[in-house]
Amino acid sequence: MHNILTIYKKELRSFFTTPMAYIFLVVFALVNGYFFTNTFFLYNQSDMRSLFGIVPLVYLFFIPAVSMGLISREKSLGTIEIITTLPIRERDIIIGKFLAGLSLILVALLTTVVHYITLINVGTTIDHGAVFTGYLGLALLGGVYTSVGIFSSSLTENQVIAFIVGIAIVITFFLMDKLLVFVPPGLAGIIQYLSTEFHLSNMSRGVIDTRNIVYFGSVIGFFLFMTTRVLESRKWS
Amino acid sequence: MIRIENLSKNYGHIQAVKSISFSLSDKEIVGFLGANGAGKSTTLKMMTGYLSPTAGNVFVDGKNIIEHSLEIQKQIGYLPELNPLYAEMKVYEYLKFHAEIRGIIDHDYKKALERVVVECALQGVVHRTIGNCSKGYKQRIGLAAAMIHDPKILILDEPVSGLDPNQIVDIRQLIKKLGKEKLVLMSSHILQEIQATVDRIIIINNGEIVADGTSDDLISGSKGMTQIHLEIQNADENSIQDMKAVIPSISIESIHKMSNSIQVTLEHTSTSDPRKDVFDYAVNHEWTLVEMSTSKRNLEDIFRHLTQDGGSADA
């Protein structure tokens with residue numbers, strides 16, 4: 001735990017010592033704000049469903065961008081040799097980096113709370129529960145995409161390749177339930193269950209189903225496990 | 001303290017390290033010499049747990065690196081080749097990061113920081129961003145990070161590469177000082193550096209240990225340690241080649257034809273002195289001996305001999 005925290009602090013510091021994190025936060029807030037407010041007064045409804053539809057789209061590009069350097073940068077700089085010869089498990093390195101990436105995503109997500117405050121002030125009959133579960137869903141989705149991003153980052157020392165691979169994987173997860181018409185009926189249920197959108201839509205409606213939580217947790221766990229294995233595989237190269 | 005047993009590493013079909021074995025003791029400075037691609041860095045990476053051996057094992061105080069890597073990594077300070085650093089961090093932040101991973105916090109960290117800052121002469125740059133430091137300082141920052149936990153074992157991969165002569169002297173003095181208390185294993189291709197710093201030299205070539213001993217051991221243990229350089233006129237090559245049959249203690253290393261003379265290099269063991277025999281042979285064959293001089297083989301000759309010819313000179 002102590003080592004995870006040390007790695008976490010190092011990563012978070014490295015995010016904020018460069019302009020990258022600040023640019024990310026500002027652009028994330030502006031893009032979401034623009035698309036949300038564009039339709040908010042048009043629909044004239046006191047809910048945040050439209051925001052919960054926009055943020056996953058923005059995630060598709062922003063999260064692979066944030067996480068592309070988490071491991072690949074260490075590989076290209078050679079510091080991976082420093083960090084993996086310190087008395088720390090690969091698993092702890094990965095978890096620390098994942099949590100740092102996720103923290104930045106959560107801070108970005110917090111910037112959208114301003115729209116919730118607007119809603120409280122101008123709206124009526126707000127379903128606060130649905131807002132809460134919607135945010136929980138977005139946080140978990142952020143976790144899934146960050147775990148995918150760190151996995152793709154571990155595959156290469158080139159950050160651009162890591163970014164492209166990351167986007168390819170998250171878009172696959174995102175599009176799965178939109179392609180069900182092309183899938184044999186026997187597989188449709190499985191493909192739908194693997195889709196992030198399927199689980200997120202439940203949560204943005206105000207439903208917390210254990211299956212959704214288990215899904216998000218399992219996908220995060222799977223990609224973090226795979227990342228650890230990739231990092232360990234250097235030993236046998 | 002460290003025992004390497006039949007250590008091998010394959011990269012696909014390429015055998016980078018071929019079943020090498022050696023032991024290292026406490027408070028010893030050992031130089032690990034070899035040409036580029038000889039297997040030095042691969043061996044050091046296996047000793048630090050960065051790579052796993054294809055076969056064999058590394059034992060530190062009886063514990064093997066495969067099953068006890070974390071325990072062994074706690075005892076080792078490692079400076080990798082090219083000294084990778086986090087350029088955006090400040091020097092003290094980088095050292096603190098290493099200290100925290102090694103469980104050195106609060107008061108202990110302050111003491112450790114003071115110690116490495118003094119030992120590595122980092123007083124002027126502690127609050128500077130690493131990326132803005134000179135190469136010499138960066139090398140010392142890497143060394144300070146490797147020493148922050150006061151390890152019993154220091155493994156330094158090319159610690160002086162790219163440094164200017166003054167910086168090399170500084171690092172050499174530091175390594176010599178550290179070697180009084182720790183086991184220091186350093187790799188280098190700078191022979192003078194190794195000769196000036198270490199107590200013992202291990203030479204690796206094509207993944208195999210070809211020499212192991214002190215600098216003096218290697219020089220005296222190498223056959224043909226003394227060379228005789230001749231410049232002669234009125235000689236033909238056949239009569240030069242026949243010299244070996246008449247004077248068995250010598251070997252002919254090279255014959256170079258010049259415009260009006262021939263330069264010949266002979267080698268002989270330290271126990272014999274064939275100069276009189278060579279002179280008599282020249283007189284008998286009516287050569288005009290323009291020059292005769294001798295030179296002793298140095299470590300550079302031994303290194304070239306061992307790493308180019310694939311010879312062996314275990315002391």
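Cut-offs and rules
- Residues numbered from 1 in each chain as written.
- Chains lettered and ligands numbered in written order.
- Predicted model: local features only at pLDDT ≥ 70, side-chain atom pairs only at ≥ 80, totals over all residues.
- Helix = DSSP H or I, 4+ residues; strand = E, 2+ residues; numbered from the N terminus.
- Rg over C-alpha atoms; globule rule 2.2 N^0.38 Å.
- Buried ≥ 20, exposed ≤ 12 C-beta atoms within 10 Å, placed from the backbone.
- Contact = placed C-beta atoms within 7 Å.
- Pairing = 2+ DSSP bridges.
- Axes fitted to C-alpha atoms, helices over the stretch in contact; angles between N-to-C directions.
- Nonpolar A, V, L, I, M, F, W, Y, C, P; charged D, E, K, R; others polar.
- pLDDT = per-residue confidence, 0-100.
- Domains from an automatic or database assignment.
- Parallel < 35°, antiparallel > 145°, perpendicular 65-115°, else oblique.

Trainee: Can you tell me about the overall build of chain A, naming the residues and giving the values?
Mentor: If you tally the helices and strands in chain A, you get 12 helices and zero strands. Going from the N terminus to the C terminus, chain A shows its helices and strands as α-α-α-α-α-α-α-α-α-α-α-α. Taking 2.2 N^0.38 as the reference for a compact globule, 237 residues should give roughly 18 Å; the C-alpha atoms of chain A span a radius of gyration of 19 Å, in line with that estimate. In terms of principal-axis extent, the alpha carbons of chain A reach across some 60 × 45 × 30 Å. Within chain A, buried positions represent 41% of all 237 residues. Contacts in chain A between residues at least 24 apart in sequence constitute 78% of all its contacts with a sequence separation of at least 6.

Trainee: Please give an account of the overall build of chain B that cites residues and values.
Mentor: A tally of regular secondary structure across chain B gives 11 helices and 14 strands. Reported as C-alpha extents along the three principal axes, the dimensions of chain B are approximately 85 × 45 × 35 Å. Within chain B, buried positions represent 41% of all 315 residues. Taking all contacts inside chain B whose residues are at least 6 apart in sequence as the whole, residues at least 24 apart take part in 70%.

Trainee: Please set out the environment of tyrosine 145 of chain A residue by residue, giving values where relevant.
Mentor: Residue and element names in this part refer to chain A. Position of tyrosine 145 among the secondary structure elements: in helix 8 (residues 128-154). Note: C-alpha distance between tyrosine 145 and isoleucine 63 (82 residues apart in sequence) is 6.4 Å. In this structure, tyrosine 145 is in contact with Tyr59, Ile63 and Val170, ignoring residues within four places of it in sequence.

Trainee: An account of the sheet that holds strand 11 (residues 226-233) of chain B is requested, with residue identities and associated values reported.
Mentor: Residues and elements named next belong to chain B. Reading across the sheet, the four strands line up as 12-13-11-14 and stay open at both edges, with antiparallel pairing between neighbours. The open sheet has two edge strands, strand 12 (250-257) and strand 14 (288-296), and neither has a second partner. Strand-to-strand twist across the sheet, computed as the mean angle between neighbouring axes with direction ignored, equals 20°. Sheet analysis places strand 11 next to strand 14, joined by eight bridges and oriented antiparallel.

Trainee: Requested: an account of the interface of chain B and chain A, with residues and values cited.
Mentor: Taken together, the contacts link 19 residues of chain B with 19 residues of chain A. Elements supplying a minimum of two residues to the side of chain B that touches chain A: helix 2 (69-75) and helix 3 (91-101) of chain B. Residue composition of the side of chain B that touches chain A, by class: 11 nonpolar, four polar and four charged.

Trainee: With reference to specific residues and values, describe the environment of lysine 74 of chain B.
Mentor: Inspection of the secondary structure puts lysine 74 of chain B in helix 2. With 77 residues separating them in the primary sequence, lysine 74 of chain B and proline 151 of chain B have C-alpha atoms 7.6 Å apart. In this view, lysine 74 of chain B contacts Pro87 of chain A together with Arg102 of chain B; residues no more than four positions away in its chain are not counted.

Trainee: Tell me what's going on with the confidence of the model for chain A, and back it up with residues and numbers.
Mentor: With 99% of its residues at a pLDDT of at least 70, chain A reaches an overall mean of 90. The spread of mean pLDDT over the elements of chain A runs between helix 2 (residues 20-43) of chain A, the lowest at 85, and helix 6 (residues 90-110) of chain A, the highest at 96.

Trainee: A description of the domain arrangement of chain B should follow, citing residues and the corresponding values.
Mentor: Domain assignment breaks chain B into domain 1 (2-217) and domain 2 (223-296). Between domain 1 of chain B and domain 2 of chain B, the C-alpha centre-to-centre distance is 45 Å.

Trainee: Talk me through the pairing of strand 1 (residues 2-11) of chain B; I want residue IDs and the actual numbers.
Mentor: Residue and element names in this part refer to chain B. One ladder, built from five bridges, connects strand 1 with strand 4 (residues 55-60); its direction is antiparallel. In the strand pairing of strand 4, arginine 3 is matched with phenylalanine 59. Bridge count for strand 1 against strand 2 (residues 14-24) is seven bridges, and the pairing is antiparallel. Within strand 2, the position partnered with isoleucine 4 by the bridge is phenylalanine 22. A loop of two residues connects strand 1 with strand 2, the two strands running antiparallel in sequence, and glycine 12 in this loop sits at a positive phi of about 65°.

Trainee: Can you explain unusual backbone geometry? Please cite residues and give values.
Mentor: Residues and elements named next belong to chain B. Unlike most non-glycine residues, serine 19 shows phi in positive territory, near 45°. Summarising the element assignment, serine 19 is placed in strand 2. Phi at asparagine 206 takes a positive value of approximately 50°, unusual for a residue other than glycine. Following the sequence through the fold, asparagine 206 ends up in the loop between strand 9 (200-205) and strand 10 (208-213).

Trainee: Now, about the packing of helix 8 of chain A against helix 11 (residues 196-204) of chain A: what can you tell me, with residues and values included?
Mentor: All names here are of chain A. As a packed pair, helix 8 and helix 11 sit with axes 7 Å apart at the nearest point and diverge in direction by 155°. For the element pair helix 8 / helix 11, the angle class is roughly antiparallel. On helix 11, the residues that touch Thr133, Gly134, Leu136, Gly137, Leu141 and Val144 of helix 8 are Thr196, Leu200, Met203 and Ser204. Within the contact of helix 8 with helix 11, the residues separate by chemical class into five nonpolar, five polar and no charged.

Trainee: Now, about the sheet that holds strand 1 of chain B: what can you tell me, with residues and values included?
Mentor: Spatially, the four strands line up as an open sheet ordered 2-1-4-5 (chain B), and their pairing is antiparallel. Looking at which strands have only one partner, the edges of the open sheet turn out to be strand 2 and strand 5 (63-64) of chain B.

Trainee: Outline the confidence of the model for chain B, supporting the account with residue identities and numerical values.
Mentor: All names here are of chain B. In the predicted model, chain B carries a mean pLDDT of 88, and 95% of its residues have values of at least 70. Across residues 310-315, where pLDDT falls below 50, the model places 20 contacts with residues more than four positions away in sequence or in other chains. If you check the scores for this complex, the pTM reads 0.85 and the ipTM reads 0.88.

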